[in-house]
Amino acid sequence: MFVIDSPIGPLGVTVSGETVIGVHFGARVEAGPADSHPAADQLAAYFSGELTDFTVPVEMHGGSEFERAVWGEIAKIPYGEMVTYGAIATALGDPGAARAVGTACNHNPVPVIVPCHRVVGAGGKMVGFGGGLDRKRKLLELEARVALTRAWG
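Worth saying up front: this structure is predicted, and the values here are computed from it rather than measured.

Thresholds, definitions, all that
Residues numbered from 1 in each chain as written. Predicted model: local features only at pLDDT ≥ 70, side-chain atom pairs only at ≥ 80, totals over all residues. Heavy atoms only, no water. Helix = DSSP H or I, 4+ residues; strand = E, 2+ residues; numbered from the N terminus. Rg over C-alpha atoms; globule rule 2.2 N^0.38 Å. Buried < 20%, exposed > 50% of the residue type's maximum accessible area, 1.4 Å probe, protein only. Areas by Shrake-Rupley, 256 points an atom, 1.4 Å probe, with all protein chains shown as cover. Lys, Arg positive; Asp, Glu negative; His and termini not counted. Charge placed at Lys NZ, Arg CZ, Asp CG, Glu CD. Pairing = 2+ DSSP bridges. Salt bridge = Lys/Arg side-chain N within 4 Å of Asp/Glu carboxyl O. Polar contact = N/O pair within 3.5 Å; in protein donor to acceptor, adjacent residues only side chain to side chain. Contact = heavy atoms within 4.5 Å. Axes fitted to C-alpha atoms, helices over the stretch in contact; angles between N-to-C directions.

A. Representation of the overall build of the protein chain in the model. Secondary structure summary: the protein chain contains five helices and five strands in total. Put simply, the protein chain runs from its N terminus to its C terminus through helices and strands in the order β-β-β-α-α-β-α-α-β-α. Relative to a compact globule of 153 residues, whose C-alpha radius of gyration would be 15 Å, the protein chain shows 15 Å and is just as compact. The principal-axis extents of the C-alpha atoms in the protein chain amount to approximately 45 × 40 × 25 Å. Per-residue burial over the protein chain gives 42% buried out of 153 residues. Only carbon and sulfur atoms are counted for the fraction: they give 53% of the accessible area of the protein chain, which is about 7800 Å². Taking the 12 positively charged and 16 negatively charged side chains of the protein chain as two groups, their mean positions are separated by 9 Å.

What follows is the structure, given as C-alpha cells:
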C-alpha cells in the first residue's frame, strides 16, 4: 500500500503488482511511498484535470453478485456525468433496489478509479458517499470544471 496526497485528502492505494485492488480515504501517511506506480501517476493526472479515463488495471475483490453488477454499471458512467441510484437499479432489472445500489456503492473497494462518486440521488440530490459528501462534492466539481473547460475551451 502507498499513500498519495490529493485535494480530497490522503488516499491509500493497495496494489498487487500493477493492479489496483483498493483505494482508501484518509489513509495514514506512514504507509509506503508511491514509488511512481502507474496508479499514483494516473491519480495525480486525474486530480490535476489531465486524465479523464483510468487505464490502470483494477481487480474488484469481494462483494456479492449484486454488488459486482453495480460496480460494473458504475464503471460505465462517463467522466463528468452523473447517474442516479434508481437508474442503476433499473439498468440491473430491479427498479426498487436504489437503496441496495447505494449500499453497493459504499462497498466499492476502488473508489475514485471506479467512480461511485458519480452516483447521485433522485433529481441529482447529493446523498451518500463512503468518503463523505464533501469529498464527493469536490470530485464532482473537479470533473464538471474539467468537462466544461474541454467542451468550451
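B. Region of the structure containing the pairing of strand S2 (residues 11-16). In this sheet, S2 lies alongside strand S1 (residues 2-4) in antiparallel orientation, the contact comprising three bridges. The residue of S2 that forms the bridge with Val3 is Gly12. Counting the residues that bridge the hairpin from S1 to S2 gives six residues, and of these Gly9 lies at a positive phi of roughly 100 degrees. As judged from the six bridges shared by S2 and strand S3 (residues 19-25), these two strands associate in the antiparallel manner. Each residue of the ladder has a partner; that of Val13, found in S3, is Val23. Hairpin connection, S2 to S3: the antiparallel pair is bridged by two residues, and Gly17 has positive phi, about 70 degrees.

C. Quick peek at the side chain of Glu67. Position of Glu67 among the secondary structure elements: in helix H2 (residues 65-75). An unpaired buried charge is present at Glu67: no salt bridge exists, and Arg68, the closest side chain of opposite charge, is 8.0 Å distant. There is a polar contact of 2.8 Å between the side chain of Glu67 and the backbone nitrogen of Ser64. When sequence neighbours within four positions are dropped, the list of residues in contact with Glu67 reads Ala104 and His107.

D. A look at unusual backbone geometry. Even without glycine at this site, Val112 takes up a positive phi of about 80 degrees. For Val112, the position within the fold is in the loop between helix H4 (98-106) and strand S5 (119-120).

E. Examining the pattern of salt bridges more closely. Applying the stated criterion across every chain yields a total of three salt bridges. Put simply, Glu143 and Arg118 hold a salt bridge, and the shortest N to O gap is 2.8 Å. Taken together, the residues span a long stretch of sequence, with Glu143 in helix H5 (residues 133-152) and Arg118 in the loop between H4 and S5 at a distance of 25 residues. Considered together, Glu143 and Arg118 belong to a single accessibility category, that of buried residues. Notably, a salt bridge pairs Asp134 with Lys138, separated by 3.5 Å at the nearest N-O pair. Of the two residues, Asp134 and Lys138 are both situated in helix H5; the distance of four residues between them amounts to about one turn of the helix.

F. A look at the sheet that holds S1. Here three strands make up an open sheet; going across it, the order is S1-S2-S3 and the pairing antiparallel. The open sheet terminates on both sides in strands that have one partner only, identified here as S1 and S3. Ignoring which end each strand starts from, the neighbouring axes of this sheet average 30 degrees apart. Contacts from helix H1 (residues 38-47) reach S1, S2 and S3 within the one sheet, and its direction differs from that of S1 by about 15 degrees.

Remember, this is a structural readout, not a statement about activity or role.
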